[in-house]
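Next come the chains, spelled out residue by residue.
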Amino acid sequence: MALITIESSPEALKSGTRPSDAAARDYCRHLELGDILFIPGIPFDIPQDDLNFLLQQEQSGGAFHKNVAYRTNEDRLTGFAGDNAVDADRTRSIMRAYSQSATKLLSMLLAPYTERWKLDYASYRPLEEDGRDLSLHKRNDLLHTDAFPSRPTNGDRILRFFTNINPAVPRKWMTTSPFDALAQQFAGKAGGCALPKPLGGFALDNAVRGIKQTFRSIGIPVTVRSPYDDFMLRFHNFLKENGEFQKNCPKEYWDFPPNSCWMVYTDMTSHAVLSGQYALEQTYIVSKDAMVTPEKAPVRILEKMVGAPLVS
Ligand SMILES: [Fe+2]
């Protein structure tokens, strides 16, 4: 796993300098291998007033006592705890602008993916990560690969773009081997995390999935999870529950300085957040068909191990 610094300076990116097609493809390839792409600056404008607003809210014990999510497609905030409508509106417009700026940037840097992603949530993370009191499966300081319990991807990829807006303190991460190596080690009977059942191989599982799909089609909110999504969720939990792995696996440490950005496939790159406060983030669900090295996608790695399709 490596940290790859984007070749163009943040200023050049801000002025619209695009990487060549070959460079953009190479950035995608690095991400798909589990590398982190890093920008030593914020290559778009976030007005200082807006930054001050975000940084001051938590300190004043205001509406930011937990993470705030911005649902890009609905233009709606969740997790905003205050009752001040002006602050809520302002937060929403800052998050909307961040989401749009990040997406414009990624459309240039990762041109092969453009229009082949779905915008997922953006978030603001105002809390100090060090010492947060969270349940085991929600802890950010334990190494894991991401899976969304309520938003299965059916094999598509979870790409996340982060910005550390803390003016003074780095955000500290830890990583270990990427998904392909961890799957070789832990997926299957001997490793401790049972492999997924092939799609279509088990009549009862298919019947349950069929019933859920029918419920969904008539508007009843149930989550239909493919065998792939089911495995990814179990694997996320398995890694966090595995004290021996957490303690003894090889680790690498990364400091993301104040006012820097980075992006990573968090379903491939095992990660933990050790400390840091005040980060913005935008998630993209990138089509598995847009990969430049499709054989490295977790779904293809698992399908190879199982010898059968895991998504429809
Ligand atoms: Fe994560």
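It should be noted that the structure appears before, not after, this text.
Below is a short write-up of the structure. Keep in mind it's a predicted model, so treat the numbers as computed, not measured.

### Remarks on the overall build of the protein chain
Looking only at helices and strands, one finds nine helices and eleven strands in the protein chain. Of all 312 residues assigned to the protein chain, the portion counted as buried reaches 51%. Look at the contacts in the protein chain between residues 6 or more apart in sequence, and 84% of them connect residues 24 or more apart. Accessible area for the protein chain stands at about 14200 Å²; split by element, carbon and sulfur atoms hold 51% of it. Of the charged side chains in the protein chain, 36 are positive and 37 negative; the average position of the first set lies 6 Å away from that of the second.

### So, the nonpolar core
Counting residues in hydrophobic clusters, the biggest one holds 71 residues, and the most contacted among them are Leu110 and Phe161. If you tally residues by element for this core, the top one is helix α4 (residues 85-109), at eight residues. Residues Ile36, Trp254, Trp262 and Val273 belong to the second largest nonpolar core, which totals nine residues.

### Overview of the environment of Ala111
Topologically, Ala111 is positioned in the loop between α4 and β5 (117-125). As a C-alpha pair, Ala111 and Arg25 span 86 residues in sequence and 7.3 Å in three-dimensional space. Contacts of Ala111, omitting those with residues within four sequence positions, involve Ala24 and Leu106.

### Structural notes on the packing of aromatic side chains
Counting across every chain of the model gives 16 aromatic pairs. Geometrically, the ring pair formed by Phe44 and Phe161 is tilted, given 6.3 Å between the ring centres and 40° between the ring planes. Of this pair, Phe44 sits in the loop between β2 (36-39) and α3 (48-59) while Phe161 is found in strand β6 (residues 157-164), placing the two residues 117 residues apart along the sequence. Pair check on accessibility: Phe44 and Phe161 agree, each one buried. Of the aromatic side chains, those joined through ring pairs into one cluster are Phe179, Phe186, Phe231, Phe235, Phe238 and Phe245. One Lys or Arg, Arg151, reaches over the ring of Phe148 and ends 4.3 Å from the middle of that ring. Positioned over the ring face of Tyr265 is Arg157, at 4.2 Å from the centre of the ring.

### Brief notes about α4
Across its 25 residues, α4 extends 36 Å between first and last C-alpha, which sits within 8% of the 36 Å expected from 1.5 Å per residue. Its side-chain oxygen at 2.9 Å from the backbone nitrogen of Val86, Asn84 defines the N-terminal cap of α4.

### Section: the pattern of salt bridges
In the structure shown here, the tally under the stated rule is 21 salt bridges. A salt bridge links Glu281 to Arg125, with the shortest nitrogen-to-oxygen separation between them at 3.5 Å. Within this pair, whereas Glu281 is found in strand β11 (residues 279-286), its partner Arg125 is found in strand β5, the two being separated by 156 residues in sequence. By relative accessible area, Glu281 is classed as buried at 1%.

### What about the sheet that holds strand β8 (residues 252-256)?
The sheet built from three strands is open, its strands ordered β8-β7-β10 with antiparallel pairing. Only two strands of the sheet have a single partner each, and these edge strands are β8 and β10 (271-275). With direction set aside, neighbouring strand axes in the sheet form an average angle of 30°. Here strand β7 (residues 171-175) runs beside β10; their pairing, made up of four bridges, is antiparallel. Across the sheet, the residue bridging to Thr175 is His271, located in β10.

### Overview of unusual backbone geometry
Even without being glycine, Asn259 reaches a positive phi, approximately 55°. By secondary structure assignment, the location of Asn259 is in the loop between β8 and β9 (260-265). The exposure class of Asn259 is partly exposed, given its relative accessible area of 33%.

### A word on the coordination of the iron ion
In the first shell of the iron ion, the protein supplies His144 (NE2), Asp146 (OD) and His271 (NE2), at 2.2 Å from the metal. Site description for the iron ion: donor spacing in sequence, H-x1-D-x124-H. Residue Asp146 is found in the loop between β5 and β6, and its partner His271 is found in strand β10; the two are separated by 125 residues along the sequence. For the pair Asp146 and His271, a shared accessibility class is recorded, and that class is buried.

Calculation notes
- Residues numbered from 1 in each chain as written.
- Predicted model: local features only at pLDDT ≥ 70, side-chain atom pairs only at ≥ 80, totals over all residues.
- Heavy atoms only, no water.
- Helix = DSSP H or I, 4+ residues; strand = E, 2+ residues; numbered from the N terminus.
- Buried < 20%, exposed > 50% of the residue type's maximum accessible area, 1.4 Å probe, protein only.
- Contact = heavy atoms within 4.5 Å.
- Areas by Shrake-Rupley, 256 points an atom, 1.4 Å probe, with all protein chains shown as cover.
- Lys, Arg positive; Asp, Glu negative; His and termini not counted.
- Charge placed at Lys NZ, Arg CZ, Asp CG, Glu CD.
- Core = buried A, V, L, I, M, F, W, Y, C linked by side-chain atoms within 4.5 Å.
- Phe/Tyr/Trp six-rings, centres within 6.5 Å; stacked < 30°, edge-to-face > 60°.
- Lys NZ or Arg CZ within 6 Å of the ring centre and 35° of its normal.
- Expected span 1.5 Å × (residues − 1).
- Polar contact = N/O pair within 3.5 Å; in protein donor to acceptor, adjacent residues only side chain to side chain.
- Salt bridge = Lys/Arg side-chain N within 4 Å of Asp/Glu carboxyl O.
- Pairing = 2+ DSSP bridges.
- Axes fitted to C-alpha atoms, helices over the stretch in contact; angles between N-to-C directions.
- Donors = N, O, S within 2.8 Å, 3.2 Å for Na, K, Ca; no water.

By themselves, these observations are geometric and do not establish any function.
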